[in-house]
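# Per-entry structural report
Chain by chain, the residues:
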Amino acid sequence: MINHSNENTLLDDANSYDVNKQLMGTISSDFVKVADQLKEASYQIRKRGFSEYPVFVASRRDVPVGQLLIGATELENQWNYKASFLDEFIQRELIGEDSIDLWKENYKKPDEYCCLFVVHGDFAGFVYIPYPED
C-alpha cells in the first residue's frame, strides 16, 4: 500500500504499480543483506511494546524519519535503514487520520513481511518484502 501524503489517501495494493521493477530489484537485492537484523528489530519493537506496526525507512539519502539502525555499507548494503513505527508516521502527518484504519488493515504480518517506507528519487511509499526463509 502506498501513502501519497499530498492526497492523504492509500492505494490498496501493498506494492503499488508506482514501484517499478528496477527499483524493486534494487531494494530486494539490498534487503537480503540486512533482512535478519530488520526481522530481529521488528520483533524487539513489538516485544518491548513500542508498536505493533514496525516500519523501516530505506533510503540512500538522509531523511528525517526514524532512528538509524543500519547505515549504508555497514553490511555491504547500499541503503540506510532506520527503525520507526506507525505512530511516528501519524505524528509527521505522513499517514492521515482518515487513513489509519485502512493502513492497519493492509499491514502484513510482521513476522513474515518487512514493512519498508522507501524514499528514492521522487518515489516515497510503503513496500512489503517477505523475509527470506531460514
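On a predicted model such as this, the values are computed, not experimentally measured, just so you know.

Time to look at the overall build of the protein chain. In terms of helices and strands, the protein chain carries three helices and seven strands. Secondary structure elements in the protein chain, listed N-terminal to C-terminal, are β-β-α-β-β-β-α-α-β-β. Buried positions account for 46% of the 134 residues belonging to the protein chain. Of the contacts formed within the protein chain by residues at least 6 apart in sequence, a portion of 57% connects residues at least 24 apart. Carbon together with sulfur atoms contributes 45% to the accessible area of the protein chain, which is approximately 7,600 Å² in total.

With 21 residues, the main nonpolar core has Phe31, Leu38, Phe56, Tyr81, Leu116 and Val118 as its most contacted residues. For this core, the elements supplying multiple residues, two or more each, are helix 1 (21–47), strand 3 (54–59), strand 5 (80–85), strand 6 (113–120) and strand 7 (123–130). Setting aside residues no more than four positions away along its own chain, Val118 makes contact with Ile27, Ala58, Trp79, Phe123, Ala124, Gly125 and Val127. With 16 residues, the next largest nonpolar core counts Val63, Trp103, Tyr107 and Phe126 among its residues.

All right, on to the sheet that holds strand 7 then. The strand order 4-5-3-6-7 describes an open sheet built from five strands, whose pairing is mixed. Every other strand in the sheet has two partners, leaving strand 4 (67–70) and strand 7 as the edge strands with one partner each. Taken over all neighbouring pairs, the strand axes of this sheet differ in orientation by 35 degrees on average, direction set aside. Pairing analysis gives six bridges linking strand 3 to strand 5, with the strands arranged antiparallel.

Right, let's talk about the pairing of strand 3 for a bit. Strand 3 sits mainly inside the fold: six of its six residues count as buried. A two-sided burial pattern is seen for strand 3, the buried positions comprising Pro54, Phe56 and Ala58 on one face and Val55, Val57 and Ser59 on the other.

Enumeration according to the criterion identifies three salt bridges in this entry. Here Lys82 ties to Asp62 by a salt bridge, and the two come within 3.1 Å at their closest N and O atoms. Of the two residues, Lys82 is situated in strand 5 and Asp62 in the loop between strand 3 and strand 4; the sequence distance between them amounts to 20 residues. Exposure remark for Lys82: the relative accessible area of 12% places this residue in the buried category. Judged by relative accessible area, which is 65%, Asp62 ranks as exposed.

On to the packing of aromatic side chains. Overall, the coordinates contain nine aromatic pairs when judged by the stated rule. Aromatic pair Tyr53 and Tyr107: ring centres 5.1 Å apart, planes at 80 degrees, arrangement edge-to-face. Taken together, the residues span a long stretch of sequence, with Tyr53 in the loop between helix 1 and strand 3 and Tyr107 in the loop between helix 3 (100–106) and strand 6 at a distance of 54 residues. Among the aromatic side chains, those forming a connected cluster through ring pairs are Tyr53, Phe89, Trp103, Tyr107, Phe117, Phe126 and Tyr128. Directly above the ring of Tyr113 sits Lys108, whose terminal nitrogen or CZ lies 4.9 Å from the centroid.

In regions of low pLDDT, the predicted coordinates are not meant to be interpreted in detail. Within the protein chain, residue pLDDT values average 87, and 85% of them lie at 70 or more. Under a pLDDT of 50 for its full length, residues 1–14 has, in the predicted model, 51 contacts with residues more than four places off or in other chains.

Cut-offs and rules
Residues numbered from 1 in each chain as written. Predicted model: local features only at pLDDT ≥ 70, side-chain atom pairs only at ≥ 80, totals over all residues. Heavy atoms only, no water. Helix = DSSP H or I, 4+ residues; strand = E, 2+ residues; numbered from the N terminus. Buried < 20%, exposed > 50% of the residue type's maximum accessible area, 1.4 Å probe, protein only. Contact = heavy atoms within 4.5 Å. Areas by Shrake-Rupley, 256 points an atom, 1.4 Å probe, with all protein chains shown as cover. Core = buried A, V, L, I, M, F, W, Y, C linked by side-chain atoms within 4.5 Å. Pairing = 2+ DSSP bridges. Axes fitted to C-alpha atoms, helices over the stretch in contact; angles between N-to-C directions. Salt bridge = Lys/Arg side-chain N within 4 Å of Asp/Glu carboxyl O. Phe/Tyr/Trp six-rings, centres within 6.5 Å; stacked < 30°, edge-to-face > 60°. Lys NZ or Arg CZ within 6 Å of the ring centre and 35° of its normal. pLDDT = per-residue confidence, 0-100.

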